[in-house]
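# Inside the fold
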Amino acid sequence: SLFFFYKRPLYFNSCSILCQVYALLVNSFNFSLLAELTAAHFGGGGGLLRKKALSGQEDEKDEKCKSRKELIEELIAKSKQEKRERQVQRENTLELTEKLDSDWKEIQAFLSHKNAKSETKHKVEEKVKPDEYDMIVRELGFEMKAQPSGRMKTEEELAKEEQERLLQLEADRLRRMHGEDEFDTKKKPKHISADDLADGFILDKDDRRLLSYNDGKLNIEDDKNEEVEESTEGKEDDSEEEESGEESGSEAEAIDSPSDLDSDDGSVEETSAGEEQKKRNAGNKNKLQSKEQNARKKATTSELPYTFAAPGSYEQLKALLLGRTMEEQLLVIERIQKSNHPSLAVENRAKLEKLFGFLLEYIVELTAREPPELKTIDQLVLSLYDLCQMFPDAASNHMKLVLQDASHDMEEILETRGRAPFPGLDMLIYLKTIAILFPTSDCWHPVVTPSMVYMSQLLTKCPVTSLQDVVKGLFVCCLFLQYVSVSQRYIPELVNFLLRILHMAVPSAGVQGHTLMHPFRSLDKNGNLLVISEAADTRTWQKQNLPLHMVIGSKENSRTEVNHLRLSCIDTCLSLVKRCAALYGLLPSFQEIMKPIQMLLSQHMPVSEYPAQLQVRMYCQLLQKQAPV
């Protein structure tokens, strides 16, 4: 029973115990009745009859023996005894209930204290080490939700929108050029209701009228009536003013005097002067307005159009770009591309393919100017790149034609003269542009491979007769290294040409016994082209990159400037040798490839006569070549 009560919650008090006691009593009484019934029904009835007979005999004896008074007293005593027993049982039950309640309170206090300690421990642990999952969930709750956006537009849609924007801008420009008034872009106030507080502070009058219909037809007479009323009101006001003026004039005539005449003359003169001043002000305003309009027209005429037709010939493109700044030229080419995008019309593809060839011709003209506009060419390469990405086949065909013409010209000159000069600046820029437009790491490419063959012919078949040729040859070597920087292809013409350039910096007396490879010769009249004539000029030399305008022609006439140029060529050649050593350092034949250059630097080059910067670079080159691979 204690186990039963301990397992119950706190609200099971003494009442629950009484109920259980009562249930036990009822169960015991029921069990006695069941025994009697069993004996009566299944025992043959003898036991029950015998018991009844015995009980009847005893009752008869008791009735005979006991009187009524005795029976009443006996009943009273039994009832008192039952009450006493019930009272004792109730008191015992209450005592047991109180005891159980007190024990349960103690156990509950112990359990609550233990739970409180565990909760505090958990709280401390949560503060020290918060759950990462909960933190992430809370952060996600406070993060901005991704808003749905429109789908990505295709290239055709973007081109169409750009064309519409340029057409609108062009229409606005033409309107400004013709002096037309700008459209009224001010937002007019809407219909004013009766509850409006009039806090909009709109000073302009709203001339709009409400629409009204009569039998399905628009009422126009109301507007006309209002205009007529306004005009009649104005006329009535004028007539009233005239009448008042006539009345005042009549009164003035009635009361006329010499002093009044004088005052009238003065007033007439004042009014005439005021009218003249008003006319002058109005004329000045008109002049200012006309000047402003003229200035606007001039500004709009000088402003670039927003749409251009694709040029059909190189002369048309030249006419569009002639007399404009670099920024304006680039803007014109950009707008030509946008106004004639291939997605807008089928014939635009052929027009832009022709534009690529026209730009190549324009580059030739820019290089022929004095001085050459190299910055403009540098920016035009971006437009060429965009067109090459759009039309790769057409771009490659144009560049192949350029290379074919250049190689054909060189072959003709070699057949007639026996030697060919280095090409001009335009062809060198074409070779540089090819490295930007097309991939140079391919094993074979329809444009890059012929250009590399052409450059190798330049380094082997073109003699070096001047400092200008030295600069051109070093430029071609730089292009070669750019072409093979990824593929690391070995170019023997490149290393041989650099050896030849370094050989030109050694006096002829100091290279006896050192032979050069074909097609170069040791005993040549230009063999001392990079020999420094004055040692004093080496002290004033400062390291700088070779200017590209030296490809066209050298304007340095003084001896010091020529010696400085020679030192710059030697410095550039050493830097190219360093790049070759880094590029071909993993080749098995690296030592054999670099051995001639190493011997020339260590034994024949007049290192002591060079500036300290060049001496340090040569010393580093020797250490790099002597290092084991």
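Only a predicted model underlies this, so the values are computations on that prediction, with no experimental measurement involved.

Another aspect to go through is the overall build of the protein chain. Looking only at helices and strands, the protein chain features 20 helices and two strands. Expressed as a percentage of its 629 residues, the buried residues of the protein chain come to 28%. Counted over contacts in the protein chain with a minimum sequence separation of 6, partners at least 24 positions apart contribute 73%. Accessible surface, the protein chain as shown: approximately 43400 Å² in total, 55% of it carbon and sulfur.

Here the focus is unusual backbone geometry. Trans is the common state for peptide bonds, and a negative phi is the common state for residues other than glycine. Pro371 follows Glu370 through a cis peptide bond whose omega is -5°. Among the structural elements, Pro371 can be located in the loop between α11 (348-368) and α12 (374-390). Positive phi, normally seen in glycine, also occurs at Gln488, with a value near 55°. Given the relative accessible area of 46%, Gln488 is considered partly exposed.

Look at helix α10 (residues 326-339): 20 Å from first C-alpha to last across 14 residues, which is about the 20 Å you get at 1.5 Å a residue. Every buried residue of α10 is listed here: Gln329, Leu330, Val332, Ile333, Arg335, Ile336, Gln337 and Ser339. The elements touched by buried residues of α10 are α6 (155-177), α9 (314-321), α11 and α12.

Attention now goes to the pattern of salt bridges. The full count for this structure, using the stated rule, is 11 salt bridges. Between Lys153 and Glu161 there is a salt bridge; the shortest N-O distance is 2.3 Å. Exposure remark for Glu161: the relative accessible area of 36% places this residue in the partly exposed category. Residue Glu334 pairs with Lys338 through a salt bridge whose shortest N-O separation is 3.0 Å. Highlighted residues: Glu334 and Lys338, both in helix α10, separated by four residues, approximately one helical turn.

This next bit is on the packing of aromatic side chains. Between two aromatic rings, the relevant description is the distance of the centres plus the angle of the planes. Evaluation of the coordinates by the stated rule reveals one aromatic pair. Measuring from centroid to centroid gives 5.2 Å for Tyr490 and Tyr584, while their planes differ by 80°, and the two rings are edge-to-face. Here Tyr490, found in the loop between α16 (467-483) and α17 (492-504), pairs with Tyr584, found in the loop between α18 (559-583) and α19 (590-604); they are 94 residues apart in sequence, far enough to count as distant.

When two helices pack together, their arrangement is given by the angle between the helix axes and by the axis-to-axis distance. The geometry of α16 relative to α17 is characterised by a closest axis approach of 11 Å and an angle of 150° between their N-to-C directions. By the angle between their directions, the pair α16 and α17 is classed as roughly antiparallel. In this structure, the crossing between α16 and α17 has a hand that is left-handed. Counting all contacts with α16, which are made through Val470, Gly473, Leu474, Cys477, Phe480 and Leu481, the residues of α17 involved are Leu494, Phe497, Leu498 and Ile501.

With that settled, the discussion passes to the confidence of the model for the protein chain. Confidence along the protein chain averages 75 in pLDDT terms, with 62% of residues attaining 70 or more. Here residues 183-187 scores under 50 on pLDDT; set against residues more than four positions off or in separate chains, the count is two contacts. Below pLDDT 50 for its whole length, residues 246-264 participates in two contacts with residues either more than four positions away or in separate chains.

What follows concerns the side chain of Ser396. Relative to the elements of secondary structure, Ser396 occurs in helix α13 (residues 392-417). Residues contacting Ser396, with those up to four places away along its chain left out, are Phe438 and Val447.

On the surface, Asp405, Asp409, Glu411, Glu412 and Glu415 cluster together into a patch of negative charge. Residue Asp409 is classed as partly exposed on the basis of its relative accessible area of 40%.

On to the environment of Leu467. Along the chain, the position of Leu467 falls in helix α16. For Leu467 and Cys569, which are 102 residues apart along the polypeptide, the C-alpha to C-alpha distance reads 8.6 Å. Residues within four places of Leu467 in sequence aside, it is in contact with Leu529, Leu530, Val562, Leu565 and Arg566.

Before going further, it helps to spend a moment on the environment of Pro450. Looking at where Pro450 falls in the secondary structure, it is placed in helix α15 (residues 448-461). When the C-alpha positions of Pro450 and Leu403 are compared, they lie 7.3 Å apart, and in sequence the two are 47 residues distant.

The next subject is the packing of α9 against α11. Running from N to C, α9 and α11 cross one another at 60°; their axes reach a closest spacing of 10 Å. Between α9 and α11 the crossing geometry is right-handed. Contacts between α9 and α11 involve Tyr314, Leu317, Lys318 and Leu321 from the former and Leu355, Phe358, Leu359, Glu361, Tyr362 and Glu365 from the latter.

Let us now look at a positive patch on the surface. A cluster of like positive charges, contributed by Lys80, Lys83, Arg84, Arg86 and Arg90, occupies part of the molecular surface. Mapped onto the secondary structure, Arg84 falls in helix α4 (residues 68-128).

Attention now goes to a nonpolar patch on the surface. Taken together, Ile107, Phe110 and Leu111 make up a surface patch of nonpolar side chains, about 290 Å² in accessible area. For Leu111, the position within the fold is in helix α4.

With that settled, the discussion passes to the nonpolar core. Counting residues in each nonpolar core, the largest one holds 105 residues, and the members touching the most others are Leu431 and Tyr483. With 12 residues, the single largest contributor to this core is α18.

Let us look at α12. Relative to the 24 Å expected for 17 residues at 1.5 Å per residue, α12 spans 25 Å between its end C-alpha atoms, a close match to the ideal helical length. Within α12, the full set of buried residues consists of Thr376, Ile377, Leu380, Val381, Ser383, Leu384, Leu387 and Cys388. Looking at the buried positions of α12, the neighbouring elements they touch are α10, α11, α13 and α14 (425-437).

The tally for this structure, following the rule as stated, stands at zero disulfides. Cys478 carries a free sulfur, and the closest cysteine sulfur to it, the one in Cys477, is 7.0 Å from it. Judged by relative accessible area, which is 27%, Cys478 ranks as partly exposed. Lacking any disulfide linkage, Cys573 is separated from the closest cysteine sulfur, that of Cys477, by 7.5 Å.

Right, let's get into the side chain of His445. Along the chain, His445 falls in the loop between α14 and α15. A polar contact of 3.1 Å, which involves the side chain of His445, links it to the backbone nitrogen of Val447. Filtering out sequence-adjacent residues up to four positions away, His445 remains in contact with Phe438, Pro439 and Pro450.

Reading the values: rules and limits
- Residues numbered from 1 in each chain as written.
- Predicted model: local features only at pLDDT ≥ 70, side-chain atom pairs only at ≥ 80, totals over all residues.
- Heavy atoms only, no water.
- Helix = DSSP H or I, 4+ residues; strand = E, 2+ residues; numbered from the N terminus.
- Buried < 20%, exposed > 50% of the residue type's maximum accessible area, 1.4 Å probe, protein only.
- Contact = heavy atoms within 4.5 Å.
- Areas by Shrake-Rupley, 256 points an atom, 1.4 Å probe, with all protein chains shown as cover.
- Expected span 1.5 Å × (residues − 1).
- Salt bridge = Lys/Arg side-chain N within 4 Å of Asp/Glu carboxyl O.
- Phe/Tyr/Trp six-rings, centres within 6.5 Å; stacked < 30°, edge-to-face > 60°.
- Axes fitted to C-alpha atoms, helices over the stretch in contact; angles between N-to-C directions.
- Parallel < 35°, antiparallel > 145°, perpendicular 65-115°, else oblique.
- Left-handed = near helix turned anticlockwise from the far one by under 90°.
- pLDDT = per-residue confidence, 0-100.
- Patch = residues over 30% accessible without salt bridge, like charges linked within 9 Å, V, L, I, M, F, W, Y side chains within 5 Å.
- Lys, Arg positive; Asp, Glu negative; His and termini not counted.
- Charge placed at Lys NZ, Arg CZ, Asp CG, Glu CD.
- Core = buried A, V, L, I, M, F, W, Y, C linked by side-chain atoms within 4.5 Å.
- Disulfide = S-S within 2.5 Å.
- Polar contact = N/O pair within 3.5 Å; in protein donor to acceptor, adjacent residues only side chain to side chain.

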